[in-house]
Amino acid sequence: MFQKQSHIIPARVSDITRSAEAAARAIPPSFPLEATVAVNPFLGQISESLAMASARLMRVAGVRITRSPEDYVLSMHQGEITETDLAEALEASTDPQKPAGVAELKEAVSAHGDDVTGPLPTIADLAAASTGIDWPSVIEKTVGLWAAGHFDKGQALWSPAPGLDVFAAWRAWAVHDLTPEIAGLAGFCAHVSNAPDTAQRAILRASEAIGLTEAAAETAFHRLYMDLGGWSQHARWQLWQAELDGRSDTALTGLLAIRLIWEEALLAHVPGIAEDWAEAVRAHAAPIEPSAGQVALAILQEAADRAHQRKLAHALDGGTGSAGSKTETDRPFLQAAFCIDVRSEVFRRALEAVDPSIETIGFAGFFGLPISHKAKGSDVAEAHLPVLLNAAVETTSHCDAANEHEVRIAARTSRAWGRFRQAAVSSFAFIEAAGPLYAAKLVRDALGLPAKPPKPDPAPQVVGGLSAEAKTDTAQAVLKAMSMTEGHGDYVLLLGHGGHTTNNPHESAYHCGACGGYTGEVSARVLAALLNDPETRAGLSGRGITVPDATRFIAGLHDTTTDRVTLYPDGLGAAHDATRGKIEAWLDRAGQAVRTERSLKLPGSTPNTVSARAFNWAEVRPEWGLAGCAAFIAAPRTATAGKDLGGRAFLHSYDWRADEGFATLELILTAPVVVASWISLQYYGSTVAPDVFGGGNKLIHNVVGGIGVVEGNGGGLRPGLPLQTVHDGEKPVHEPLRLSVMIEAPREAIGGMLDRHPEVRALFDNGWLHLFALKDGKIEARYRPGLSWCVGSDQAIKA
């Protein structure tokens, strides 16, 4: 019944293999739920413009990656996008297909802007149209059922074919799965059994059997990867992790082979679709070119970005804020270093307003410490650092030997109890026998009453300790990166952050992205202990960084859902209790102000009920996370202090005059800016293309394998942000804009760093990010593709 393998020439093998690799690289990774971090869904398209990426993703996923034409038209009618914005965006476009003028731009949007053609059909799509059997749904459900077991991270009680690679494991499953044959695909089990024994050979055979040409292969493979949805992205994450460790991974290749075997079988089963499929292959082989509508929508997105940049420039030009009255000789009583997360912008502004002796600082929430941490009672190594980096410091919060043993016994007992509750047979007896014992807990949770907070883990310790030189090296690097080599306050708070939600699989998405999806508690506590260490202080003094003897560093955690701050006075001593109480009172006052501001944006909230959302197991919007993020500003605090940026800006403290060799500038551009771009573009993608890059509806989520969610009882894994994260039920709450990066540093230095890092430069050259140079807190120049600048504040906003 099915076609047999034919002779494949070596050149074709090489071309098909390269196409498979390129298609795999076009897929973004999706991180598991235990440590979710935002990922740029267009990671594989950063070498292309927005219009070109739109054309590619329309071909392979049938998705538009800009706002709808109606949304842009509404923004124009409401005056948010002005005629000037349109004209400037049109002038800045380098696309040869761009309209001649603003009138022609509007006409192109009206005539072609809503041309959503859908993806090119797969063989499964064509077979479904021919037979009336929904083969794409059959594939999604059968592959999804197998993948949920194969990729499981401990949720399931057993895993099929453990230890096998993806392709071998699927074959072992599929030869016994009668679902395809029951659906009408007779002989499928035998076809799988007769398939080549490796994924690469299966890809080559199936490509030959379905007549896939070398020119068509890359986007045809990309189309199949997109068809597999979140499973492809999870496999891409496995490859990402493997490459960080200097290894490789074959999961993506295996998934492509699986999907091609289905295509091969269906084409043989429904030969009447051969000509339609040949037409699809020819379409895949054609060069990708954006349509007139896609070019016009990309220009309108540029106009929307510029409309926000006008407002941001006005805010920055609004004069000196409340902190600007301090002189350079003033020594603050309290300095509070926050993560650059946009939610911190609101708290920093509120805290500085509490007392003039308070100064705030912004820095990446892992505080420059690439930590691999093992929590109390656990041997699981948690990567508390940006996913772009490898861990270099190992820490642990393990107790002393006796207490650690008790903790582990309790943990094993809890796991055994959990498995007993979930097992196929015992779960029924459990409900009957133990259900009444949970009555109090059910009532408490139903009423949204907070449980007694757990005691914090013991202070984290560096495994094996650090030498005096290593302590000094680490502290010096961190303080320089934070622009904190002088002027230290009496007390310095190092505040990590994390969210608190109940009954929310995506809880880690509210934590710190710079900490790999964990809270910033560990990083803050490790750094505070390091900077309070007398050996560290002595070493710093020898290198010209003098921290006053009286200065004390205190770690803390900012709960972004409740806006309450917990301090960890590890080793601080009772002599500081009174001052700590004063600082906690200041933090409480600031938190109340922040809750008042946030309540205006949270549906159904008042300042007094904002915190309660963290404990409500039915709350689908405990907070807005980073929705609204639109700017990244690296500059001295004087540039932004006292200016209301609406909780939409990542604020990184940076003084280029103290940056020897611009090492910190390089770090900012290659780490925090990239992480912020991933966050911004994930919110963008989940807003404009929720069906492909969004996490679906929280109300019908089911957790699968501990790695992700599906909607309902099976099918495709849903990556990205859930609908309720970016939408209030009536309209989007996140305005999809590309991040505007503003850095106060010499243009030559910024350009030099971009020249050294082409992968970062591509983000700016191809329009995925905007870049501005600041001078004295004001916009001085706008970056243009090709390492050029448009100088002058007015011209920069216009360019």
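Residues numbered from 1 in each chain as written. Predicted model: local features only at pLDDT ≥ 70, side-chain atom pairs only at ≥ 80, totals over all residues. Heavy atoms only, no water.

**Q** How would you summarise the sheet that holds strand 16 (residues 778-784) if you had to cite specific residues and measurements?
**A** Taken together, 6 strands build an open sheet; the order of strands is 11-10-14-15-16-17 and the sheet is mixed. Every other strand in the sheet has two partners, leaving strand 11 (649-653) and strand 17 (788-791) as the edge strands with one partner each. The mean inter-strand angle of the sheet, taken between neighbouring strand axes irrespective of direction, is 25°. Here strand 10 (residues 631-635) runs beside strand 11; their pairing, made up of 5 bridges, is parallel. Paired with Ala634 across the bridge in strand 11 is His652. Together, strand 14 (740-744), strand 15 (770-775), strand 16 and strand 17 form the strand contacts of helix 29 (residues 747-756), whose direction differs from that of strand 15 by roughly 150°. (Pairing = 2+ DSSP bridges. Helix = DSSP H or I, 4+ residues; strand = E, 2+ residues; numbered from the N terminus. Axes fitted to C-alpha atoms, helices over the stretch in contact; angles between N-to-C directions. Contact = heavy atoms within 4.5 Å.)

**Q** Residues and numbers for unusual backbone geometry, please.
**A** Phi is positive for Asp776, close to 55°, though the residue is something other than glycine. Residue classification places Asp776 among the exposed positions, given a relative accessible area of 57%. (Buried < 20%, exposed > 50% of the residue type's maximum accessible area, 1.4 Å probe, protein only.)

**Q** So, the sheet that holds strand 3 (residues 371-374): which residues are in play, and what are the values?
**A** The sheet built from 4 strands is open, its strands ordered 4-3-5-6 with mixed pairing. If you trace the sheet from one side to the other, it starts and ends with strand 4 (382-384) and strand 6 (461-462), each paired once. Sheet analysis places strand 3 next to strand 4, joined by 3 bridges and oriented antiparallel. By the bridge assignment for strand 4, His373 is matched with Glu382. Against the sheet, helix 22 (residues 521-532) makes contact with strand 3, strand 4, strand 5 (393-396) and strand 6, and its axis sits at roughly 105° relative to strand 3, the strand it touches most.

**Q** Can you tell me about the pairing of strand 15, naming the residues and giving the values?
**A** With respect to burial, strand 15 is a largely interior element, 5 of its 6 residues being buried. The pairing of strand 14 with strand 15 spans 5 bridges and is classified as parallel. Along strand 15, the bridge assignment pairs Ile743 with Ala773. Looking at chain direction, strand 15 and strand 16 are connected through 4 bridges and run antiparallel. Bridging across to strand 16, Phe772 finds its partner in Arg782. Where strand 15 folds back onto strand 16 in an antiparallel hairpin, the turn is made up of 2 residues, including Asp776, whose phi is positive at roughly 55°.

**Q** Talk me through the confidence of the model for the protein chain; I want residue IDs and the actual numbers.
**A** Of all residues in the protein chain, 93% have pLDDT values of 70 or greater, and the mean over the chain is 91. Here residues 1-6 is modelled with pLDDT under 50, and outside its nearest four sequence neighbours on either side it reaches 13 contacts, counting other chains as well. Contacts for the low-pLDDT stretch residues 319-328, under 50 throughout, to residues beyond four places or in other chains number 11 contacts. (pLDDT = per-residue confidence, 0-100.)

**Q** Residue-level account of the pattern of salt bridges, with values.
**A** Proximity of charged atoms lets side chains of opposite charge pair with each other. Here the structure, examined in full by the defined rule, presents 43 salt bridges. With a shortest N-O distance of 2.8 Å, Glu263 and Arg259 are connected by a salt bridge. Of the two residues, Glu263 and Arg259 are both situated in helix 14 (residues 251-269); the distance of 4 residues between them amounts to about one turn of the helix. Accessibility classification places Glu263 together with Arg259 in one group, the buried group. (Salt bridge = Lys/Arg side-chain N within 4 Å of Asp/Glu carboxyl O.)

**Q** Residues and numbers for the state of the cysteines, please.
**A** Taken as a whole, this structure holds 0 disulfides when the rule is applied. Sulfur of Cys512: no disulfide; nearest cysteine sulfur belongs to Cys515 and is 3.4 Å away. Take Cys512: its relative accessible area is 1%, and that puts it in the buried class. (Disulfide = S-S within 2.5 Å.)

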